[in-house]
Amino acid sequence: MELKEKLIASFMAFEERVDVDADLHNIRTSAIQNFESKGFPTKKEEAWKYTSLNSLLKNDFTVFPKNENTIQFADVKKYFLHEIDTYKVVFIDGIFSSFLSSTTHDGIDVCLMSSALNKPKYKMVIDNYFNHIANKEESLTSLNTAFASEGAYINIPKSKVTDKPIEIMYFSTGSEAALLVQPRNLVIVGENSHVQIIERHQSLNENAVLTNSVTEIFAQKRAIVDYYKIQNDNHTASLIDNTYVSQQQESRVHVNTFSFGGSLTRNNLNFYHFGERIESHLNGITIIGERQHVDHYTLVHHAQPNCESFQDYKGIFSDNAIGVFNGKIYVEKEAQKTNAFQKNNNILLSDKATINAKPQLEIFADDVKCSHGCTIGQLDETAMFYMQSRGIPKKEAKALLMYAFSNAVIESIKIPELKQRITKIIANKLGVKLGFDL
Amino acid sequence: MLQIKNLHASVEDKEILKGINLEVKAGEVHAIMGPNGSGKSTLSAVIAGNENYEVTDGQVFLDGEDLADLAPEERAHKGVFLSFQYPVEIPGVSVTNFMRTAINETRKANGKEEMPANEMLKFIREKSELLEIDRKFLSRSLNEGFSGGEKKRNEIFQMAMLEPKLAILDETDSGLDIDALRIVANGVNKLKSENNAIIVITHYQRLLDYIVPDFVHVLYNGRIVKSGGKELAYELEEKGYDWIKQEQEA
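Now for a quick tour of the structure. One numbering rule holds for all chains: residues counted from 1, following each sequence as written. Working convention: letters from A go to chains and numbers from 1 go to ligands, in the order in which they are written. The predicted nature of this model means local features are confined to residues of pLDDT at least 70 and side-chain atom pairs, given and counted, to a pLDDT of 80 or more, with totals for whole chains, interfaces and linings taken over all residues.

On to the overall build of chain B, then. Along the backbone of chain B there are eight helices and twelve strands. The globule rule is 2.2 Å times the number of residues to the power 0.38, and the radius of gyration it is compared with is taken over C-alpha atoms. Its C-alpha atoms give chain B a radius of gyration of 18 Å, near enough to 18 Å, the size a compact globule of 250 residues would have. By its C-alpha atoms, chain B is 60 × 40 × 35 Å across when sized along the principal axes. Here chain B holds 250 residues, and 44% of them are scored as buried. Distance between backbone-placed C-beta atoms decides contact: two residues are in contact if it is within 7 Å. Considering only contacts in chain B between residues 6 or more positions apart, those separated by 24 or more positions represent 72%. Put simply, DSSP marks the helices as runs of H or I at least four residues long and the strands as runs of E at least two long, and each gets a number from the N terminus on. Residues are called buried when their C-beta atom has 20 or more other C-beta atoms within 10 Å, exposed when it has 12 or fewer, and partly exposed otherwise; all C-beta atoms are positioned from the backbone.

Rendered as structure tokens:
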């Protein structure tokens, strides 16, 4: 049976298994209907022109894992930023692990989507936010919505600065030959509040994993959200990340995406503005090789005057790696005095590596500043010679240049430990030890 | 220290150096002068090991060792330093971090431990004072947004840090105002010792008022056509390069 049929057939069984109220049932039902009519996206669709899911979907994915699996903290410690100085919402094969997690209800809610969906006291929040900003027409988002049952639920009331970062971690153990997981995260950040979140998907062995994740982020007035996505999974794991950000007046949201690992990664990152003087920041560093594939598909929808958006995506591609950057900026007629900037710089280290870059600007207002710049090049040979002539070996010189290239984005990381961690991952990736921390 | 024997080099099949012979001993300062396009920068690039230039004949020896098979960084580790005519901007890497990497890589290649951080800072401070470099400058990205003079001063600062055996200064005077020129020359003079040697490549005699050469060579059309003492530089300044050209063509 093809995966699509299998999923549709599983839906009934799934709905029987979860406790649902009528509203949720209706949301799920229309979602599965949308998925049924659209199916998995194919290269015939403009938005998926450079990324094919075909070979990935040939895996016989298990939709519901049979066993609950446990892992020891010591074995996965390295994937966390901190042992104690972070809140943790941890899932193993899609199932919440209370043992590895450190959640809270003390002034802020850092807990589980399943509780939020099922417990009456959260009903109002769910009614007001769940599936409100996610694109109901997009088939993979719909697929996730249909099966949405677990993930991180984060609700920060107004005027709260969270005392420590929140780590959302999805482990897959590989107990199934091939596993499909569909996490669903909901993040609500109240007026004047500030939160830092790190999201990571990590598979722990070589069995195939496909993650189709949806995250909805609501930033209320003057809220500040720093969201970091670390994509450094092993080569049999693929990720489709659908993130939707809703911003109210004067809010500031940064989403930083670090794509270093995985087989196929698609990031659908969407920002919608519902107030004035909003700032949206989208940053990305992609460093991939072999046959890895990373596709960034971004949208910033400017609907109100005096808002700003900044996109800065750097990519380094070696071997047969394929990169895609499609950045869409949509400026509505009302959105005067918009500043929308987009930068996409790429380095190809091999003749066989590919980057497909496509800026897409649709502007209907007449008093705006919008720009996009895309570069594709090789490492600067003169700079290489310059560094070598000062005694820095070729390999280190190359690494240093690549650091320098991605530095603007590394500098935007606001959590010092995370900055160090990312620097270290990049250094490992490039196979060098640098004599300093950037 | 440096011996160049019948050196021929080309770039993209065009022969630029057509048989250079030169010997530089420890403690000496040599000036290489010549009109534009005579091969001055090519000569410095070839000594430093730039792979864009192909050595078609002849050899370069440093302390008796043929440099032919050595990569630029290996030459640097053996004590060759080239001050660039156009130093490269490297955004995102601070002057300090760059120097720390360069020094520790050189030490590593020579079987030494990395320099401890506090010692490194002291060393950097000492050498930056020599070149009258502001401390703030050291945390800026290497050469990014530096003025022409700042770039050149930074080159000599790096030379001071790396303490090379053989330093080649390629048009270090171009783009310098008189104050910067004095600072740079002063720095170079302080670094000069009996154990190292300096090759100054320049178009004009101006720099040689400050860094006084023991020998002056005139490069023309890929060959050294005249050698002499420092007075040769004054003669060139007075008569211009046409004098050399006419002599060669006669």
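On to the packing of helix 3 (residues 95-109) of chain B against helix 5 (residues 148-162) of chain B. Residue and element names in this part refer to chain B. Between helix 3 and helix 5, the shortest axis-to-axis distance is 10 Å and the interhelical angle comes to 35 degrees. The two elements helix 3 and helix 5 cross, and the hand of that crossing is right-handed. Mapping the contact onto sequence places Val 95, Met 99, Ala 102, Ile 103 and Thr 106 in helix 3 and Asn 154, Gln 158, Met 161 and Leu 162 in helix 5. When the residues that make up the contact of helix 3 with helix 5 are grouped by side-chain class, the tally is six nonpolar, three polar and no charged. Between N-to-C directions, angles cover 0 to 180 degrees, with each direction set by a line fitted to C-alpha atoms, over the stretch in contact for helices. By definition, any crossing whose near helix is turned counterclockwise from its far helix by less than a right angle is left-handed, and any crossing with a clockwise turn is right-handed. Charged means Asp, Glu, Lys or Arg here, nonpolar means Ala, Val, Leu, Ile, Met, Phe, Trp, Tyr, Cys or Pro, and polar covers whatever is left, Gly included.

On to the environment of Ser 389 of chain A. When you line up the elements, Ser 389 of chain A lands in the loop between helix 8 (381-388) and helix 9 (394-411). You can call Ser 389 of chain A buried: it has 27 C-beta atoms within 10 Å. Aside from chain neighbours lying at most four places away, what touches Ser 389 of chain A is Ala 48, Pro 72, Ala 76 and Leu 82 of chain B.

Let us look at the pairing of strand 5 (residues 166-172) of chain A. All names here are of chain A. For strand 5, the buried fraction is high: seven of the seven residues fall into the buried class. A two-sided burial pattern is seen for strand 5, the buried positions comprising Ile 166, Ile 168, Tyr 170 and Ser 172 on one face and Glu 167, Met 169 and Phe 171 on the other. As defined by bridge partners, strand 1 (residues 87-92) adjoins strand 5 across six bridges and the pair is classed as parallel. For Val 90, the partnering residue across the bridge sits in strand 5 and is Met 169. Two strands qualify as a pair provided that DSSP identifies no fewer than 2 bridges between them. Where strand 5 lies against strand 8 (residues 194-203), seven bridges are found, and the strand directions are parallel. Bridging from a neighbouring strand, Phe 171 pairs with Gln 202 of strand 8.

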